[in-house]
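# Coordinates in review
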Amino acid sequence: MTVAVRVPEELSARVPAEQRGPGLDRDAVRLLVSRGTEVSHHGFGELPLLLRAGDLLVVNTSPTLAAAVDGWIGHTRVVVHFSTRGDDGRWAVELREPDGKGTTRARAGGPEGVEVRLPGGVRLVLEEPLSARGERLWWGRVSGVPALLREHGRPIRYSYTERDQPLAVYQTVFSLPSEDGTGSAEMPSAARPFTGRLVAELVSRGVQFAPITLHTGVASAEVHEPPYPERFAVSEASARLVNAVRAGDGRVIAVGTTAVRAVESAAGTDGVVRARAGWTDLVVTPERGVRVVDGLLTGLHEPEASHLLMLEAVAGRAAVDRSYEEALRGLYLWHEFGDVHLILPEEDPHPVRCASNCE
């Protein structure tokens, strides 16, 4: 974050919104709306009033995996976070230490050849670091991961949360099971406040939805590295829908930084989105800019988070600074169970072009 501030610990959302009081649902979170440096405060249930007919929400359908599994190296207990399945069948994993409080803390990665014993007689052998960038994530040889996660996994959680939650809490209303058992190591959390009721109201008001898929890897909770390559898919139907909205007077609004990464990875230098599937190593920065996205619905990110560069690419530095100052002043809640931020363009991004017979 460009504002040099620390997010107070008490602003961490420790439990989901629906567990904070009787009669609450997922949409019982606050919504900070920014248009340039102009900021306003709302409830998430007001979203249909803030969008307009013809707007398009790009949503991530990746399901969240129960990606944390207990293991042992010799007599030492570790927790394995399964991040990403490679094309060769290996998995990128992060090994962490139990912290005695039900969560984990960082540990040194590797070394090569280390064997981790997992439940059900499964063995994980570390082979090489995922990237020359560091040794937090390693490629490991392991079999039967989908069944292992179903039977012995639990959702990844960090120390700011109060307790373990069932996997259903980490699924969004848009998530769809994948045929090969892959998914996101951590929830695409910007979509979490949506409910079926709210989606129906948006559709009734003429707001459209374009599904994409991007399987998120394990976040770097301590050092906030830029994202590693992730698997994504943008279908022909969604590409056509994005292009049609951009050609008209609607706005393309990504739900989450994962949706930005996917749809921008499918966009050419001409701004046209084409069906694509595979791996993306795109990191959206202010220097690179955005070609497709007009707005963004996202959570609140910590000061060191690399996702803030993406927010600057969409809104500009002054707008991000101003909105985060307001979020801190207004005691908004951070992290995956927290409040959300809607970034809208200051002006119509697709002004009506006058035909040849206009005066």
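Predicted model only: the values in this text are computed from it and were never measured.

## Re the sheet that holds strand β15 (residues 295-299)
In sheet architecture, strand pairing relies on hydrogen bonds along the backbone and comes in two forms, parallel and antiparallel. With mixed pairing, the 9 strands of this open sheet are ordered in space as β2-β1-β16-β15-β13-β3-β11-β12-β14. Strands with a single pairing partner mark the edges of an open sheet, and in this sheet they are β2 (38-43) and β14 (276-280). Taken pair by pair, the neighbouring strands of this sheet meet at an average axis angle of 20 degrees, ignoring direction. Examined bridge by bridge, strand β12 (residues 230-234) and β14 share 5 bridges and lie antiparallel to one another. The partner of Val234 across the bridge, within β14, is Arg276. Contacting β3 (56-60), β11 (208-215), β12 and β13 (252-255), helix α4 (residues 236-247) runs over the sheet at an angle of about 130 degrees to β11.

## Brief notes about the packing of helix α6 (residues 307-315) against helix α7 (residues 317-329)
Closest axis-to-axis distance for the α6/α7 pair is 7 Å, and the angle between their directions is 120 degrees. Side by side, α6 and α7 meet where Leu308, Leu311, Glu312 and Ala315 of the first sit next to Arg317, Ala319, Val320 and Tyr324 of the second. Split into classes, the residues belonging to the contact of α6 with α7 amount to 6 nonpolar, no polar and 2 charged.

## Some points on the pattern of salt bridges
Summed over all chains, the structure comprises 27 salt bridges. Residues Arg197 and Asp25 are paired through a salt bridge, measuring 3.9 Å at the closest nitrogen-oxygen approach. Here Arg197, found in helix α3 (residues 196-204), pairs with Asp25, found in the segment before β1 (30-35); they are 172 residues apart in sequence, far enough to count as distant. The salt bridge involving Arg231 is made with Asp87; its shortest N-O contact spans 3.2 Å. Taken together, the residues span a long stretch of sequence, with Arg231 in strand β12 and Asp87 in the loop between β5 (76-85) and β6 (91-98) at a distance of 144 residues. Through salt bridges with shared partners, a single network forms among Asp88, Arg90, Glu127, Glu128 and Arg141.

## Focus on the packing of aromatic side chains
A full pass over the atoms with the stated rule returns 7 aromatic pairs. Note on Phe44 and Phe194: the rings are 5.2 Å apart at their centroids and 85 degrees apart in plane angle, and the pair reads as edge-to-face. Of the two residues, Phe44 is situated in the loop between β2 and α1 (47-50) and Phe194 in the loop between α2 (145-152) and α3; the sequence distance between them amounts to 150 residues. In terms of burial, Phe44 and Phe194 fall into one category: buried.

## Some remarks on unusual backbone geometry
For the bond from Gly110 to Pro111, the omega torsion is 0 degrees, close enough to zero to count as cis. Positive phi is not limited to glycine here, since Leu331 has a value of about 60 degrees. With respect to the helices and strands, the residue Leu331 is situated in the loop between α7 and β16 (340-344). Note on Leu331: relative accessible area 54%, which makes it exposed. In this model, His335 sits at a positive phi of 80 degrees, which is unusual for a non-glycine residue. Inspection of the secondary structure assignment puts His335 in the loop between α7 and β16. The class for His335 is buried, based on a relative accessible area of 15%.

## What to know about the confidence of the model for the protein chain
Model confidence for the protein chain is summarised by a mean pLDDT of 91, while 94% of its residues fall at 70 or above. Taken together, the stretch residues 352-359 has pLDDT below 50 and engages in 0 contacts with residues farther than four places along the chain or on a different chain.

## Things to note about the environment of Trp91
As for its placement among the helices and strands, Trp91 is situated in strand β6. Taking the relative accessible area as the measure of exposure, Trp91 reaches 5% and is therefore buried. For the pair formed by Trp91 and Ser265, sequence separation is 174 residues and the distance between their alpha carbons is 23 Å. Sequence-distant contacts of Trp91, that is, excluding residues within four places in its chain, are made with Leu65, Phe82, Ser83, Thr84, Arg85, Trp138, Trp139, Gly140, Val142 and Val145.

## What about the side chain of His301?
Inspection of the secondary structure puts His301 in the loop between β15 and α6. For His301, a relative accessible area of 12% puts it in the buried group. Engagement of the side chain of His301 in a polar contact is seen with the side chain of Thr298, the distance being 2.9 Å.

## Describing the nonpolar core
In terms of nonpolar packing, the biggest core is built from 41 residues, with Val58, Val234, Val242, Val273 and Trp334 touching the most fellow members. Here this core takes 5 residues from α6, the largest share from any one element. Aside from chain neighbours lying at most four places away, what touches Trp334 is Val7, Leu11, Ser12, Ala13, Leu300, His301, Glu302, Tyr324, Ala327 and Leu328.

About the criteria used
Residues numbered from 1 in each chain as written. Predicted model: local features only at pLDDT ≥ 70, side-chain atom pairs only at ≥ 80, totals over all residues. Heavy atoms only, no water. Pairing = 2+ DSSP bridges. Helix = DSSP H or I, 4+ residues; strand = E, 2+ residues; numbered from the N terminus. Axes fitted to C-alpha atoms, helices over the stretch in contact; angles between N-to-C directions. Contact = heavy atoms within 4.5 Å. Nonpolar A, V, L, I, M, F, W, Y, C, P; charged D, E, K, R; others polar. Salt bridge = Lys/Arg side-chain N within 4 Å of Asp/Glu carboxyl O. Phe/Tyr/Trp six-rings, centres within 6.5 Å; stacked < 30°, edge-to-face > 60°. Buried < 20%, exposed > 50% of the residue type's maximum accessible area, 1.4 Å probe, protein only. pLDDT = per-residue confidence, 0-100. Polar contact = N/O pair within 3.5 Å; in protein donor to acceptor, adjacent residues only side chain to side chain. Core = buried A, V, L, I, M, F, W, Y, C linked by side-chain atoms within 4.5 Å.

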